[in-house]
Every structure is written in structure tokens, then in C-alpha cells.
Amino acid sequence: NDINFFISYIENFREYLEIFLNQFNIRVSLEYKNDLRQESDTFYVDLSEKESYVDIVEYAIKTIEDEEFQIFEKKSMLIIGEALIGKTHLFCDVALNRLQNNNPTILVFANLFDKNKTIIDNIISQLGLINISEDEFLQGLNLLSTRYSSRTLIIIDAINEKDSPEIFKESIIKFNEQIKSYPNLALAMSIRDVELNRVKTSSNEECIDNEIIQIQHKGFEGIELEAVSTFCNALGVELPKIPFHIT
């Protein structure tokens, strides 16, 4: 894909850069052999400077390989987590924050999906829209993104609920392709970790594993005390004075 091609291009550039700088230094050293100007020559690239150039290239590669960059390029993500870990709460917070910042956002709940409708038709129905085709709906969202200078984010919570696994199992490839065909649309979905296999099949696993970024939602793991403190402060509840242990 485009990212892998770009990374390969930059890695090749890094190799050429190292070769060029090494050869350049050798040439300058030969030209100014026994000449004091070598010490102060502005065209001479010392080792630390060369390493700084290489560091810049390596940082570019690291940035491109970063999860956030991958999401931006692939435009689809799947949040995976335990029951009650906070997936729905996360999506509600994201939707609210985006809307408060005038970023077009749609949040729908897969437990309300009708198995006799497509994924997009279910979204249209949940929004209360009538007499609109799938293409008209997506085109409208794409134009909305242009107006607000922000991608429209379509959020679908809990695709493991009720009949949703059957719907997504059959249609997730087509649905993802529909989203990707519009440059200003992005998709976020969530699923309970133990039910991922209800959606993933041998026919769609390549799409789910390679075209959709999967992110593990671990709740407040590692920041439990900070979370308790924030929660208590928000509700005006006094923190326990006796140290307590969280497992």
C-alpha cells in the first residue's frame, strides 16, 4: 500500500544519504589533507551532523509507522476490549468533543441494527432520515466534511450486539470499501474482545486484519489511581485517607 511504498522510499533515501555523506567526508578530507582549513571548512559534515540527518529520516519512518498515522491513512479502526471496559463511554466522549469543535460526527449503536438492512441503511434509519440512497447519504457526508474542513467520523458502537455480527460478517468488506471511496470519511467501530470471531471469517479476515486498524482498549490500566482521583474530584468525593490496593 501507499504507506509501505513511502517507508521503502525513505529507507532507500537514508541509505543513499549515509553513503553520500561518508563519500563527501572522504573527498573533503583528501582535498584538504594537511590543510588547517579542514577543521573549519563549512562544507565538511562531521559525524554528529551526519547522525542528525539520519535521525531525521529515522524519525520520519517512525512517524509513518505510528498507529495514528496508520489510522489517518487507512481511515478505519476497530476498538477491541473487554465488556464494561469503557468502549461506549469512549465513543460518546469522542463524539461529544468532536461536535463541540464543529467536527462532523455520527454515532450509532449496532444493537439497534436490523439484520434485513445493510450497514449504511441501518445508519440512515437510526438517524431518522427517509428517501435517501446510500450513495446520496455518503456523498452528503463527504460534502459536509468539505464545509467544515474536517473528516466526517462515522462511529458504530458494539458491532457484537444482537444481530450485528451477522450483518458485519457478511458486509464489512463492502462497507469498508464504501467508506474508503470517499476521501473525507472515516470509520470507528467497537467490539467485545471475546466476540471478535463472531464477525471475523476466513473470507473477511484479510480486510479486518490489514485494512482496519485494531486497537486494544485497556480502560484505566496503569493509571488506576489517577482515574480514581479524577473521578472523586469531579463528584466532590473525598479520596480515601488509607492507602488502598488495586489489582
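Just so it is clear, the model here is predicted, and its values are computed rather than measured. Think of each chain on its own: its residues are numbered from 1, step by step along the sequence as written. Local features in a predicted model are, by the rule used here, given only for residues with pLDDT of at least 70; side-chain atom pairs are given and counted only at 80 or more, and totals for whole chains, interfaces and linings are based on all residues. To obtain the side-chain values, all non-hydrogen atoms of the structure were used and water was disregarded.

Undergrad: Looking at this structure, how should I read helix α6 (residues 119-126)?
TA: In an α-helix, one turn spans 3.6 residues; hence positions three or four apart end up facing the same way. Using a 1.4 Å probe on the protein chains alone, a residue whose accessible area is under 20% of its type maximum counts as buried, one over 50% counts as exposed, and one in between counts as partly exposed. Elements are defined by DSSP. Helices are runs of H or I of four residues or more, strands are runs of E of two residues or more, and each kind is numbered from the N terminus. Listed as buried for α6 are Ile119, Ile120, Asn122, Ile123 and Ile124. The secondary structure elements touched by the buried residues of α6 are β2 (105-109), α7 (134-148), β3 (152-157) and α8 (164-180). One or two residues past the end of α6 sits Gly128, with phi positive at roughly 75°. We call two residues in contact whenever any of their non-hydrogen atoms come within 4.5 Å of each other.

Undergrad: I keep staring at the packing of aromatic side chains and nothing clicks. Help me out?
TA: In this description, a pair of aromatic rings is defined by centroid distance and the angle of the planes. When two rings of Phe, Tyr or Trp (its six-membered ring) have centres within 6.5 Å they constitute a pair, described as stacked for plane angles under 30 degrees, edge-to-face for angles over 60, and tilted for the intermediate range. On inspection of all chains with the given rule, the structure shows one aromatic pair. Ring plane angle 10° and centroid distance 6.1 Å describe the contact between Phe113 and Phe168, whose orientation is recorded as stacked. Of this pair, Phe113 sits in the loop between β2 and α6 while Phe168 sits in helix α8, and the two are 55 residues apart along the sequence. Of the two residues, Phe113 and Phe168, both sit in the buried class.

Undergrad: I would appreciate a short explanation of the pattern of salt bridges in the present structure.
TA: Counted as salt bridges are all cases of a side-chain nitrogen of Lys or Arg within 4 Å of a carboxyl oxygen of Asp or Glu. Summed over all chains, the structure comprises six salt bridges. The salt bridge involving Glu195 is made with Arg192; its shortest N-O contact spans 3.8 Å. In this structure Glu195 comes out as buried when scored by relative accessible area, which is 14%. With a shortest N-O distance of 2.6 Å, Arg198 and Glu195 are connected by a salt bridge. A cluster of three or more residues bridged by salt bridges with shared partners is formed by Glu161, Arg192, Glu195 and Arg198.

Undergrad: How should the confidence of the model for the protein be read in this particular structure?
TA: Should pLDDT be low for a region, the predicted coordinates there are not to be read in detail. Averaged over the protein, the pLDDT score is 79; the fraction of residues at 70 or greater is 68%. Considering each helix and strand of the protein separately, the mean pLDDT is smallest for helix α2 (residues 37-40), with a value of 46, and largest for β2, with 97. Per-residue confidence from the predictor is given as pLDDT, running between 0 and 100. Within the model, the stretch residues 26-34 combines pLDDT values under 50 with six contacts to residues more than four positions away or in other chains. For the stretch residues 36-47, pLDDT sits under 50, and the model shows 16 contacts to residues farther than four places along the chain or on other chains.

Undergrad: What should I look at first to understand the side chain of Asn160 in this one?
TA: Along the chain, Asn160 falls in the loop between β3 and α8. There is a polar contact of 3.0 Å between the side chain of Asn160 and the side chain of Glu195. Other than its neighbours up to four places away in sequence, Asn160 contacts Pro165, Ser190, Ile191, Arg192, Glu195 and Arg198. Polar contacts, as used here, are pairs of N or O atoms within 3.5 Å; protein pairs need one atom able to donate a hydrogen and one able to accept it. Residues neighboring in sequence count only if both atoms are side-chain atoms.

Undergrad: Hey, could you run me through unusual backbone geometry in this one?
TA: With the exception of glycine, the majority of residues adopt a negative phi angle, and the majority of peptide bonds are in the trans configuration. Even without being a glycine, Asn131 presents a positive backbone phi close to 55°. The exposure class assigned to Asn131 is exposed, which follows from its relative accessible area of 78%.

Undergrad: Could you clarify how one ought to interpret the sheet that holds strand β5 (residues 213-217) in this entry?
TA: The pairing of strands in a sheet comes from backbone hydrogen bonds and takes either a parallel or an antiparallel form. Within the open sheet, the five strands sit side by side as β2-β3-β4-β1-β5. Their pairing is parallel. Each edge of the open sheet is held by one strand with a lone partner, namely β2 and β5. Averaged over all adjacent pairs, the angle separating strand axes in this sheet is 20°, with direction ignored. Where β2 and β3 come together, five bridges link them in parallel fashion. Directly across from Val108, in β3, lies its bridge partner Ile156. Axis definition: a line fitted to C-alpha atoms, over the contacting stretch in the case of helices. Angles run 0 to 180 degrees between N-to-C directions. Docked against the sheet, helix α5 (residues 87-100) engages β1 (76-81), β2, β3, β4 (185-192) and β5, running at close to 160° with respect to β3. Along the sheet, α6 contacts β2 and β3; its crossing angle with β2, the most-contacted strand, is approximately 100°. Paired strands, as defined in this entry, are two strands with at least two bridges between them according to DSSP.

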